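What the coordinates show
Listed here are the chains, written in short residue letters.
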Amino acid sequence: MLIYVADLSQSGCLQDSSFCSSSQVEKQSITWNNEGLRLLALPPWREDHVMVTLTKWEDPDIYWKPHNFGGLRTIRVSADLLWKPDLMIKEMIEKDKAVPTPFVTINSNGFVEHVRDFMVVSTCKMQIYKFPFDVQSCNLSLKSIVYPEEELKFEALENNTVITEWTRQMMSTESEWLFIGITVQSRSVRHFHQNQSVISYTIKMKRCSALYIFNFLVPIMFFFCLDLASFLMSDSGGEKVSFKVTVLLAVTVMQLILNDILPSSSDRIPLIAVYCIGIFVLIMINLLETILVIYLIEKDKQGNYDGGETEHIL
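Residues numbered from 1 in each chain as written. Predicted model: local features only at pLDDT ≥ 70, side-chain atom pairs only at ≥ 80, totals over all residues. Heavy atoms only, no water.

**Let's talk about the overall build of the protein chain**
Per the secondary structure count, the protein chain includes four helices and ten strands. When the helices and strands of the protein chain are listed from N to C terminus, the series reads β-β-β-β-β-β-β-β-α-β-β-α-α-α. Burial status across the protein chain gives 39% buried among its 314 residues. Intrachain contacts of the protein chain at a sequence separation of at least 6 include 74% that bridge at least 24 residues. Summed over its atoms, the accessible surface of the protein chain is roughly 17,800 Å², and 59% of this surface lies on carbon and sulfur atoms. (Helix = DSSP H or I, 4+ residues; strand = E, 2+ residues; numbered from the N terminus. Buried < 20%, exposed > 50% of the residue type's maximum accessible area, 1.4 Å probe, protein only. Contact = heavy atoms within 4.5 Å. Areas by Shrake-Rupley, 256 points an atom, 1.4 Å probe, with all protein chains shown as cover.)

**Comments concerning the environment of methionine 254**
Examined against the element boundaries, methionine 254 turns out to sit in helix H3 (residues 239-261). Judged by its relative accessible area of 10%, methionine 254 falls in the buried class. Put simply, methionine 254 and phenylalanine 216 are 38 residues apart on the chain and 7.4 Å apart in space, counted from C-alpha to C-alpha.

**With respect to a nonpolar patch on the surface**
Together, Ile277, Val281, Leu282 and Ile285 line one region of the surface with nonpolar side chains, adding up to about 330 Å² of accessible area. With respect to the helices, strands and loops of the structure, isoleucine 277 is situated in helix H4 (residues 271-313). Exposure remark for isoleucine 277: the relative accessible area of 44% places this residue in the partly exposed category. (Patch = residues over 30% accessible without salt bridge, like charges linked within 9 Å, V, L, I, M, F, W, Y side chains within 5 Å. Salt bridge = Lys/Arg side-chain N within 4 Å of Asp/Glu carboxyl O.)

**Section: the sheet that holds strand S5 (residues 88-89)**
As summarised here, the arrangement of the four strands in space is S5-S8-S10-S9, forming an open sheet in which the pairing is antiparallel. The sheet is open, and its two edges are formed by S5 and strand S9 (177-191), each paired on a single side. Here nine bridges tie strand S8 (residues 135-143) to strand S10 (residues 194-207), and the two strands are oriented antiparallel to one another. If you follow glutamine 136 over to S10, its bridge partner there is methionine 205. (Pairing = 2+ DSSP bridges.)

**Notes on the nonpolar core**
Judged by nonpolar contacts, the single largest core of 28 residues is most densely connected at Leu82, Ile106 and Tyr201. In terms of nonpolar packing, the next biggest core, distinct from the first, is built from 24 residues, Trp177, Met254, Leu258 and Leu262 among them. (Core = buried A, V, L, I, M, F, W, Y, C linked by side-chain atoms within 4.5 Å.)

**Some words on the pattern of salt bridges**
This structure, assessed with the given rule, holds three salt bridges. Between arginine 207 and aspartate 134 there is a salt bridge whose closest N-O contact spans 2.8 Å. Taken as a pair, arginine 207 in strand S10 and aspartate 134 in the loop between strand S7 (111-121) and S8 lie far apart in primary sequence, 73 residues in all. Judged by relative accessible area, which is 2%, arginine 207 ranks as buried. Here aspartate 227 ties to lysine 244 by a salt bridge, and the two come within 3.1 Å at their closest N and O atoms. You can see aspartate 227 sitting in helix H2 (residues 210-229) and its partner lysine 244 sitting in helix H3, a full 17 residues away along the chain. Accessibility classification places aspartate 227 together with lysine 244 in one group, the buried group.

**Some thoughts on the pairing of strand S6 (residues 103-107)**
The element S6 is largely enclosed, with a buried count of four among its five residues. Summarising the sheet, S6 and S7 pair through two bridges and their orientation is antiparallel. Bridged to threonine 105 within S7 is glutamate 113. Between S6 and the antiparallel strand that follows it, S7, lie three residues; glycine 110 among them carries a positive phi value of about 100°.

**Concerning the packing of H2 against H3**
At a minimum axis distance of 10 Å, the contact between H2 and H3 shows a crossing angle of 160°. If you check the angle between H2 and H3, you find them roughly antiparallel. In terms of crossing hand, the pair formed by H2 and H3 is left-handed. For the pair H2 and H3, contact is made by Tyr212, Asn215, Phe216, Pro219, Ile220, Phe223, Leu226 and Asp227 and by Phe243, Lys244, Val247, Ala250, Val251, Met254, Leu258 and Ile261, respectively. A class-by-class count of the residues in the contact of H2 with H3 yields 13 nonpolar, one polar and two charged. (Axes fitted to C-alpha atoms, helices over the stretch in contact; angles between N-to-C directions. Parallel < 35°, antiparallel > 145°, perpendicular 65-115°, else oblique. Left-handed = near helix turned anticlockwise from the far one by under 90°. Nonpolar A, V, L, I, M, F, W, Y, C, P; charged D, E, K, R; others polar.)

**What to know about the side chain of serine 197**
Position of serine 197 relative to the elements: it lies in strand S10. A distance of 2.9 Å separates the side chain of serine 197 from the backbone nitrogen of phenylalanine 154, its partner in a polar contact. (Polar contact = N/O pair within 3.5 Å; in protein donor to acceptor, adjacent residues only side chain to side chain.)

**Describing unusual backbone geometry**
Note that the residue after phenylalanine 131, namely proline 132, is joined by a cis bond; omega there is 0°. As for its placement among the helices and strands, proline 132 is situated in the loop between S7 and S8. Phi angles above zero are rare outside glycine, and phenylalanine 192 is one such case at about 60°. Within the fold, phenylalanine 192 resides in the loop between S9 and S10.

**Topic: the environment of alanine 210**
With respect to the secondary-structure elements, alanine 210 resides in helix H2. Alanine 210 gets classed as partly exposed once you look at its relative accessible area, which sits at 46%. Residues alanine 210 and proline 132, 78 residues apart in the sequence, show an inter-C-alpha distance of 8.7 Å.

Here it is, written out as structure tokens:
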């Protein structure tokens, strides 16, 4: 990212004047700053992420010649000694619980690097119409808390392809989600009376559907096949009705489990819910048909019995 600092005196300087520039710093200067993000984990179902940001900017108040200091090109100092870009995540809904990085790295050419961990619990609208074959996209927007765009501007460190590869190499766990890629975009947004620079990372991930297929979709289909197989049973007794009622209750239990899995904020009825309702309706129709057939058989037997008794009296 690029940082425009209106007053570079807030950048600070190391206490040792040997590491500071003796030239006059202009009132309005441009400091180059790059921002990179890598995702480390995708926890199950909750919209929380563990990620690392690499912030790099140029501080014109700090530089030195390596040959004057035994070839020293980089040093690490306490992060409290220098000015750092203030970063916040717009979608964050809970306080960051990650341990802050206590040090920053200073290069001899004046570039400062700061690596920071984030444990983000964010808001993300879920599109579950195709559950469990859904693909989700969640945004993480980094912005300044107080600086306007004229004083602080963000740009990505690398392009989408490089950031995606970084994330694949660093990711430790994906749980039920399969990471697809990250896209980054810089834009300007209106915040109260000023414009602010925002860099947005869109994380795209796909749900691993194998567990839901074998634990949910296939058993429901087995229940439906059992219901169809009940047509081979005799209609003379009540065992067939009891069997169909048991299958219907089993499908009802599966629907209750599905209700606990799916969020209640969906705008459209998921296809998997339509699938369960369809199976439930078909089994219900088969049950009603069986009850009707048994009733007609019993009525026919009763008619034959009455007819035979009348003929015997005559």
